[in-house]
Protein chains: 2
Amino acid sequence: MLKSVNHTSFTVSDLDRSIKFYTELLGMELISMAERPQEFCEKVTGIPGARMKIAYVKGADYNVELIQYLSPPGQKLDTRNNNIGSAHLCFTVENLMEMFHDLSSRGVRFRGEPVNIPAGPNKGGLVVYLVDPDDNNLEFIEYPSK
Amino acid sequence: MLKSVNHTSFTVSDLDRSIKFYTELLGMELISMAERPQEFCEKVTGIPGARMKIAYVKGADYNVELIQYLSPPGQKLDTRNNNIGSAHLCFTVENLMEMFHDLSSRGVRFRGEPVNIPAGPNKGGLVVYLVDPDDNNLEFIEYPSK
């Protein structure tokens, strides 16, 4: 059955812009970028005429896949977190408040404000929601120091 | 900066139905399920009136967070893979063809068919796209045996 997690993927509108966001702002590393053959794209997605250009960026030893569909054009989804089918990827970080202020000053959009987790195993931790240039959702958590 | 990956999250319409899917069909384990205080939900999401009920399921040593918004009601997104803001979570699996046939026979919906990866580092591997009950996207990859 499930053996290991492989990656989390987001569909983006402009691969170059997204790569800049994930590398220059979040500090991830660009691993690869290449187009896939159309026949492959159509079979795996079930979308006639599908053509993907795919980049992998890696951070904290985890791969994030960024896919730009060269065809057919998709619609932009309203990824607000309460919409069914909205997703997010969460990283544990160090110095969440520092990242929040630094990234905010560099134009990164946050959904809300850093909030203390009120209960449960991560009680006292800090959490914040943010978005990438296409409103793909991300989350940062900082655990309380022991 | 980024320290480790923490989880991938999907917003769902019916938490019990989703938990069944991830545990009974994908073999994951239910870790926790609880409602969060409204003040916390509103602050972190920036959505007035937000109330979340959250379950964690774990598989292959990775946490997936399933969130049902008790309020406000969200719209169902068209998560077809070429739409901007569509996401997916990919697991490496064993016996992909067996899982494809078994899960298909149990009603799981696949986006396309298992396809051999034509090029790149995973050449010869098998890949398939599928969806959960709310059309949140998942992917399975099986690497070629060495």
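Model, not experiment: these values are computed from the prediction.

Procedures and definitions
Residues numbered from 1 in each chain as written. Chains lettered and ligands numbered in written order. Predicted model: local features only at pLDDT ≥ 70, side-chain atom pairs only at ≥ 80, totals over all residues. Heavy atoms only, no water. Buried < 20%, exposed > 50% of the residue type's maximum accessible area, 1.4 Å probe, protein only. Helix = DSSP H or I, 4+ residues; strand = E, 2+ residues; numbered from the N terminus. Arc of directions from axis to C-beta. Contact = heavy atoms within 4.5 Å. pLDDT = per-residue confidence, 0-100. Pairing = 2+ DSSP bridges. Least-squares fit on C-alpha atoms with pLDDT ≥ 70 in both.

## Observations regarding helix H3 (residues 96-105) of chain B
For H3(B), the set of buried residues is Leu96(B), Met99(B), Phe100(B) and Leu103(B). All buried residues of H3(B) fall inside an arc of 100 degrees around its axis, so they share one side. Exposed positions of H3(B) whose direction lies more than 90 degrees from the buried face are Glu98(B), His101(B) and Ser105(B). Contact partners of the buried residues in H3(B): strand S1 (2-12) of chain A together with helix H1 (15-25), strand S5 (87-93), strand S7 (126-131) and strand S8 (137-142) of chain B. Downstream of H3(B) by a residue or two, Gly107(B) has a phi angle that is positive, lying close to 95 degrees.

## What to know about the confidence of the model for chain A
Looking at chain A as a whole, its pLDDT mean stands at 95, while 98% of the residues score no less than 70. Here the predicted complex scores 0.97 on pTM and 0.96 on ipTM.

## Structural notes on the pairing of S8(B)
Here is the key point about a regular strand: its side chains alternate between the two faces of the sheet. Residues and elements named next belong to chain B. Within S8, five of the six residues are buried, which leaves the element mostly enclosed by the surrounding structure. As paired strands, S5 and S8 are joined by five bridges and run parallel to one another. For threonine 92, the partnering residue across the bridge sits in S8 and is isoleucine 141. Here S7 runs beside S8; their pairing, made up of six bridges, is antiparallel. Counterpart to leucine 130 in the pairing with S8 is leucine 138. Following S7, the chain reverses through five residues before pairing antiparallel with S8; aspartate 135 in that reversal takes a positive phi of roughly 70 degrees.

## Digging into the relation of the copies chain B and chain A
Each copy of the sequence occupies a distinct position, and chain B is placed on chain A by a rotation of 180 degrees and an axial shift of 0.0 Å, giving an RMSD of 0.0 Å. The symmetry that links the two subunits is that of a two-fold axis. Here 100% of the contact residues of chain B are again contact residues in chain A; the copies associate through an equivalent surface.

## Things to note about unusual backbone geometry
That bond from Ser71(A) to Pro72(A) is cis: its omega, -15 degrees, falls within 30 degrees of zero. Tracing the chain through its elements places Pro72(A) in the loop between strand S4 (62-71) and strand S5 (87-93). Phi is positive for Asp135(B), which is not a glycine, with a value near 70 degrees. Mapping Asp135(B) onto the fold places it in the loop between S7 and S8. On the basis of relative accessibility, which here comes to 18%, the residue Asp135(B) falls in the buried class.

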